[in-house]
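# Survey of secondary and tertiary structure
Letter by letter, the chains look like this.
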Amino acid sequence: MNATDATAFIRSIYGAEGFIPLHAPVFVGNEKAYLAECIDTTFVSYVGKFVERFEQAVKDHTGAKHAVACSSGTAALHMALVAGGVRPGDLVLMPALTFVATANAVRYCQADPFFIDTDRRDLGFDLDQLADHLANGTERRADGVYDKGTGRRIGACLPVHLFGHVARLDELVELCAKHGITLIEDSAEAMGSFFKGRHAGTFGRIGVLSFNGNKTITTGGGGMVITDDEAVAKRIRHVTTTAKVPHRWEFFHDELGYNYRLTNVNAAIGLAQMEQLERYITSKRTIAGKYAAFFNEGPYRHFAEPKDCRSNYWLNVLLLPDRSERDAFLAHSNDNGVMTRPAWTLMNKLPMYKDCPALSLEGAQWLEDRLVNIPSTPLV
Ligand SMILES: *Cc1c(COP(=O)(O)O)cnc(C)c1O
């Protein structure tokens, strides 16, 4: 296996000619009809029936009791952390290997990330490291669990289901419960992914989904909070609409609010996309199967869904032998019109997060050196 063979194989799936994007949105359903309805009825903004229908479709698919559509996945994450009880000065347990939005949402709460390592076998938290730190590096006080090293409260545990893969979530749920830490799932990449038959984002107190343009389904821009906790859903509905107390004419806002709700136009696209989700995932899993068969065990290893996970295979992952082979493949594929990209630079290396507390990040660094994403658009 070399960069030329790998690039040629990707082309054999997506076409011999032209540019092949990493993940393009696909519109083959009711998108145009629903958008026309928004315009014809003039309901283009926060009021309108598509927001509710889109939320209902996500509830039906995920099994969550409540869903609140937001203007982006980042906004949804921010609100999940606020409603989940993260306070200024807190630490939030999260991986260093993630998209920057995870860390940004923590910082919007005037809290800081506490970086935990990533398990190279399944892309989840290094649970041994996390369990060890919670057992030996924290202490229980009246208002929560405190990190002994920094003296700061741990506001939440925020795992990320990277590229749609969900790993050992049952163990993480148990660990958080044992230590009394609120679990909030960044499931932004995991729409349509299941663990032991349950949808990602429904294991913790709150889960977050993203519908950005390159995600499995899109609303253009948008996100959603899912939860079984009615009080959390109510609070998020309230603060995402400027915390306005309902009244026929008075404007009274009872706490700091945000303009974070999804518009009817975006929700109209989202509903049409939800109607296609199963087709997309069937196709994405077929493509993942072809990649798995071709790349097999190496030296460009295709990353397979972890045990007990039915992944959406949002972005397929290859693990290359080392950083120089990674860079050679990235250069060759992109030079030849096949879009590929490396893992994100670890969060602890970004200027705004370089001073945040962290445990050893050996696994995350190993992955940063080797991981690439390859084209994964559904073919429907
Ligand atoms: C996409 C993404 C987000 C943010 O979603 P937006 O809708 O782009 O704001 C958050 N976390 C992760 C891991 C993501 O991949």
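Because the structure is a prediction, the values reported are computed rather than measured.

Attention now goes to the pattern of salt bridges. Here the structure, examined in full by the defined rule, presents 22 salt bridges. Among the ionic pairs, aspartate 143 bridges to arginine 87, the shortest N-O distance being 2.7 Å. Of this pair, aspartate 143 sits in the loop between β4 (138-141) and β5 (144-147) while arginine 87 sits in the loop between α4 (73-83) and β2 (91-95), placing them 56 residues apart in sequence. Lysine 307 is paired through a salt bridge with aspartate 308; the nearest N and O atoms lie 3.4 Å apart. When salt bridges with common partners are traced through the structure, they connect Asp119, Arg121, Asp122 and Arg168 into a single cluster.

With that settled, consider the nonpolar core. Most often, soluble globular proteins keep nonpolar side chains buried together rather than apart. If you look at the biggest cluster of nonpolar residues, it comprises 53 residues, and the most contacted ones within it are Leu81, Phe115, Leu158, Phe163 and Leu371. If one sorts the elements of this core by residue count, α4 sits on top with seven residues. Taken domain by domain, this core gets at least three of its residues from each of domain 1 (3-24 + 277-347 + 357-374) and domain 2 (31-275). Excluding anything up to four places from it in sequence, leucine 81 contacts Val86, Ala105, Val106, Cys109, Leu158 and Ile184. Residues Cys38, Ala67, Leu271 and Ile281 belong to the second largest nonpolar core, which totals 26 residues.

A cluster of acidic residues, Asp128, Asp132, Glu171 and Glu174, forms a negative patch on the protein surface. Contributions of two or more residues to the negative patch are made by α6 (127-136) and α7 (169-179). You can see glutamate 171 is positioned in helix α7.

Glancing now at the packing of α4 against helix α5 (residues 100-108). Where α4 meets α5, the axes come as close as 9 Å, and the angle between the chain directions of the two elements is 45°. Judged on the interaxial angle alone, α5 and α4 are oblique. The crossing of α4 and α5 is right-handed. Contact with α4, carried on its side by Thr74, Leu77, His78 and Leu81, involves Ala101, Thr102, Ala105, Val106 and Tyr108 of α5 and no other residues of that element. In the contact of α4 with α5, the residues fall into six nonpolar, three polar and no charged.

Here strand β6 (residues 152-157) lies mainly inside the structure; five of its six residues are buried. When β2 meets β6, the two strands line up parallel, connected through three bridges. Pairing of valine 92 across the sheet is with alanine 156, part of β6. By the bridge criterion, two bridges tie β5 to β6 in an arrangement that is antiparallel. What sits directly across from tyrosine 146, in β6, is arginine 153. Count of turn residues in the β5/β6 antiparallel hairpin: four residues, of which glycine 151 carries a positive phi of about 70°.

To continue, consider the domain arrangement of the chain. The domain boundaries assigned to the chain delineate domain 1 (3-24 + 277-347 + 357-374) and domain 2 (31-275). If you average the C-alpha positions of domain 1 and of domain 2, the two centres end up 26 Å apart. Buried area between domain 1 and domain 2, both sides added, is near 3,600 Å², and the carbon and sulfur share of it is 65%. On the domain 1 side of the contact with domain 2, Leu277, Trp344 and Met347 bury the most area, a combined 22% of that side's loss. Our count for the contact surface shared by domain 1 and domain 2 stands at one salt bridge. Of the charged contacts, one joins aspartate 308 and lysine 196 as a salt bridge, the two residues approaching to 4.0 Å between their closest N and O atoms. Counting the contacts that link domain 1 with domain 2 gives 21 residue pairs in polar contact (both at pLDDT 80 or more). Of all the elements in the fold, those that place two or more residues in the side of domain 1 that touches domain 2 are α10 (277-295), β13 (309-310), α12 (362-370) and β16 (371-374).

Turning next to the side chain of aspartate 147. Position of aspartate 147 among the secondary structure elements: in strand β5. Despite its burial, aspartate 147 pairs with no opposite charge, the nearest such side chain being arginine 152 at 7.6 Å. Among the polar contacts listed, one links the side chain of aspartate 147 to the side chain of threonine 150, at a separation of 2.6 Å. Contact partners of aspartate 147, with chain neighbours within four places excluded, come to Leu91, Phe114, His133, Gly137, Thr138, Arg152 and Ile154.

Residues in contact with the ligand amount to 16 residues; listed here are only the nearest, Gly73, Thr74, Glu189, Ser210 and Lys215. Glycine 73 is positioned such that a nitrogen or oxygen atom in its backbone is 2.8 Å from an oxygen atom of the ligand. Lysine 215 has a polar side-chain atom sitting 3.2 Å from an oxygen atom of the ligand. Protein burial of the ligand: of its 380 Å² of free accessible surface, 93% is covered by the chains. For the shell around the ligand, the secondary structure elements donating two or more residues are α4 and α5. A per-element tally of the shell around the ligand places α4 first, with three residues.

Rules used in this analysis
- Residues numbered from 1 in each chain as written.
- Predicted model: local features only at pLDDT ≥ 70, side-chain atom pairs only at ≥ 80, totals over all residues.
- Heavy atoms only, no water.
- Salt bridge = Lys/Arg side-chain N within 4 Å of Asp/Glu carboxyl O.
- Helix = DSSP H or I, 4+ residues; strand = E, 2+ residues; numbered from the N terminus.
- Core = buried A, V, L, I, M, F, W, Y, C linked by side-chain atoms within 4.5 Å.
- Buried < 20%, exposed > 50% of the residue type's maximum accessible area, 1.4 Å probe, protein only.
- Domains from an automatic or database assignment.
- Contact = heavy atoms within 4.5 Å.
- Patch = residues over 30% accessible without salt bridge, like charges linked within 9 Å, V, L, I, M, F, W, Y side chains within 5 Å.
- Areas by Shrake-Rupley, 256 points an atom, 1.4 Å probe, with all protein chains shown as cover.
- Lys, Arg positive; Asp, Glu negative; His and termini not counted.
- Charge placed at Lys NZ, Arg CZ, Asp CG, Glu CD.
- Axes fitted to C-alpha atoms, helices over the stretch in contact; angles between N-to-C directions.
- Parallel < 35°, antiparallel > 145°, perpendicular 65-115°, else oblique.
- Left-handed = near helix turned anticlockwise from the far one by under 90°.
- Nonpolar A, V, L, I, M, F, W, Y, C, P; charged D, E, K, R; others polar.
- Pairing = 2+ DSSP bridges.
- Buried area = accessible area lost by both parts, 1.4 Å probe.
- Polar contact = N/O pair within 3.5 Å; in protein donor to acceptor, adjacent residues only side chain to side chain.
- Near = heavy atom within 4 Å.

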